[in-house]
Amino acid sequence: MWLNQFLLLGALLFCIGVYGVLARRNGVMVLMSIELLLNAVNLNFIAFGAYHGTPVGQVFALFVIGVAAAEVGVGLAIVLLIYRNRSSIDLESVDLLKG
Amino acid sequence: MVAQNIFFAIIALAMVASAVRVVTSKNILHAALYLVVVLAGIAAQFIITGAEFTGVTQVLVYIGAVLVLFLFGIMLTRARIGREESVDGDRRWLAGVVALLLFAVMAYALVDAFDTEALDAQNALEPQSTQMVSDAIFHDYLIPFEAVSFLLLAALIGAIVVARKE
């Protein structure tokens, strides 16, 4: 196995996630795309950990999983609040700070 | 090694196809369920590289907890179950161009840096046992670990405070 096959898979997933974050206007779907980004990063951590033969890659992947769990909890709470205030989670309409 | 490569290819194909469906599906529930395939594929890749503990944690945390949170989010925001045309923004083509350019740059850099470097050249890809991982977490990375647990607590309280009805 090459190191690069994991890194390229991670890069491809990351770019698909970037497309999702930019193209979607539904708040929950944007959060799903962010999960894609974080998982692509985890794949890189694990691949480099295996490449160097240390468990440190796994340790940081576990940290990222923990942070992602916190992120999705707070993110969904914010989306729920937006829905409660405007009865829509269309992110294009959340532009109160636009000059 | 050949068997690992075959499994890698099958899982990677399924993951990429599902990931594309996650970001293009018009049906929000289908997008969430395609996300399950991607997350399970990631867990399988972890196990292929010998990271068993992280693979199991991935299944527990992502498929067990995060996906249920997403389904709750879909339910509570009363998304239409079924196709919905309004989930994609108007600047989709721009987003596609950005993603393609980003992938071109990253692929060029990765191929340039690691060409055909073998993953298992030095250490024959030994499984990194759960004992090694726990030793690393609770010895070298104890303070970051405590910081993550505190962050989780803060996020939990924050989510309750934000989402609670007045």
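A quick note: this is a predicted structure, and the numbers were derived from the prediction, not measured. (Residues numbered from 1 in each chain as written. Chains lettered and ligands numbered in written order. Predicted model: local features only at pLDDT ≥ 70, side-chain atom pairs only at ≥ 80, totals over all residues.)

Enquirer: Looking at this structure, I do not really get the overall build of chain A. What am I missing?
Expert: Along chain A, the regular secondary structure elements total three helices and zero strands. Here the C-alpha radius of gyration of chain A, 17 Å, is well above what a compact globule of 99 residues would show, namely 13 Å. Viewed in the frame of its principal axes, chain A has a C-alpha envelope of about 50 × 25 × 20 Å. Going through the 99 residues of chain A one by one, you find that 60% of them count as buried. Of all intrachain contacts in chain A linking residues separated by at least 6 positions in sequence, the fraction that spans at least 24 positions is 46%. (Helix = DSSP H or I, 4+ residues; strand = E, 2+ residues; numbered from the N terminus. Rg over C-alpha atoms; globule rule 2.2 N^0.38 Å. Buried ≥ 20, exposed ≤ 12 C-beta atoms within 10 Å, placed from the backbone. Contact = placed C-beta atoms within 7 Å.)

Enquirer: Where do I start with the overall build of chain B in this structure?
Expert: Within chain B, the secondary structure is distributed over six helices and zero strands. Along its sequence from the N terminus, chain B presents helices and strands in the succession α-α-α-α-α-α. For chain B, the C-alpha radius of gyration of 20 Å lies well beyond 15 Å, the compact-globule estimate for 166 residues. In chain B, buried positions account for 27% of the 166 residues. Summarising the internal contacts of chain B: among those between residues at least 6 apart in sequence, 58% fall at separations of at least 24.

Enquirer: What should I look at first to understand the interface of chain A and chain B in this one?
Expert: It is common to give the size of an interface as the accessible area that goes away when the parts come together. In this assembly, 62 residues from chain A lie in contact with 76 residues from chain B. Where the side of chain A that touches chain B is concerned, the elements lending two or more residues are α1 (3–23), α2 (27–52) and α3 (56–86) of chain A. By residue number, the principal contributor to the side of chain A that touches chain B is α3 of chain A, which donates 21 residues. Of the residues assigned to the side of chain A that touches chain B, the class counts are 45 nonpolar, 12 polar and five charged. (Nonpolar A, V, L, I, M, F, W, Y, C, P; charged D, E, K, R; others polar.)

Enquirer: Looking at this structure, how should I read the confidence of the model for chain A?
Expert: The predicted structure's coordinates, where accompanied by low pLDDT, should not be read in detail. Taken over all residues, the pLDDT of chain A has a mean of 90, while the share at 70 or more is 100%. Mean pLDDT in chain A bottoms out at α3 of chain A, which sits at 91, and peaks at α1 of chain A, which reaches 93. (pLDDT = per-residue confidence, 0-100.)

Enquirer: Hey, could you run me through the environment of asparagine 85 of chain A in this one?
Expert: Residue and element names in this part refer to chain A. Relative to the helices and strands, asparagine 85 resides in helix α3. For asparagine 85, a count of 9 C-beta atoms within 10 Å translates into the label exposed. With 23 residues separating them in the primary sequence, asparagine 85 and leucine 62 have C-alpha atoms 35 Å apart.

Enquirer: Explain helix α3 (residues 52–76) of chain B to me, please; I cannot follow it from the model alone.
Expert: Side chains of residues three or four places apart in an α-helix project in the same direction, reflecting 3.6 residues per turn. Over its 25 residues, α3 of chain B extends 35 Å from the first C-alpha to the last, a length consistent with the 36 Å expected when each residue adds 1.5 Å. Maximum bend of α3 of chain B: about 25 degrees, positioned at tyrosine 62 of chain B. Every buried residue belonging to α3 of chain B is among Phe53, Thr54, Gly55, Thr57, Gln58, Tyr62, Val66, Phe70, Gly73 and Ile74 of chain B, and all of these are buried. In this structure, the buried residues of α3 of chain B make contact with α2 and α3 of chain A together with α2 (28–48) and α5 (130–140) of chain B. Where α3 of chain B ends, the next residue or the one after it, arginine 78 of chain B, has phi of about 45 degrees, a positive value. (Expected span 1.5 Å × (residues − 1). Bend = angle between axes of the 7 residues up to and from the residue.)

Enquirer: When you look at the nonpolar core in this model, what are you seeing that I'm missing?
Expert: The nonpolar side chains of a soluble globular protein tend to be buried, and buried together. If you look at the biggest cluster of nonpolar residues, it comprises 69 residues, and the most contacted ones within it are Leu13, Ile16, Val28, Met32 and Ala47 of chain A together with Val22 and Val38 of chain B. When residues of this core are traced back to their parent elements, those giving at least two are α1, α2 and α3 of chain A together with α1 (2–24), α2, α3, α5 and α6 (142–163) of chain B. By residue number, the principal contributor to this core is α2 of chain A, which donates 14 residues. Both domains that meet at this core, namely domain 1 (2–86) and domain 2 (129–166) of chain B, each give it at least three residues. Once residues lying within four places of it in the same chain are set aside, the contact partners of valine 28 of chain A are Val79 and Ile89 of chain A together with Ile28, Phe70, Gly73, Ile74 and Thr77 of chain B. (Core = buried A, V, L, I, M, F, W, Y, C linked by C-beta atoms within 7 Å. Domains from an automatic or database assignment.)

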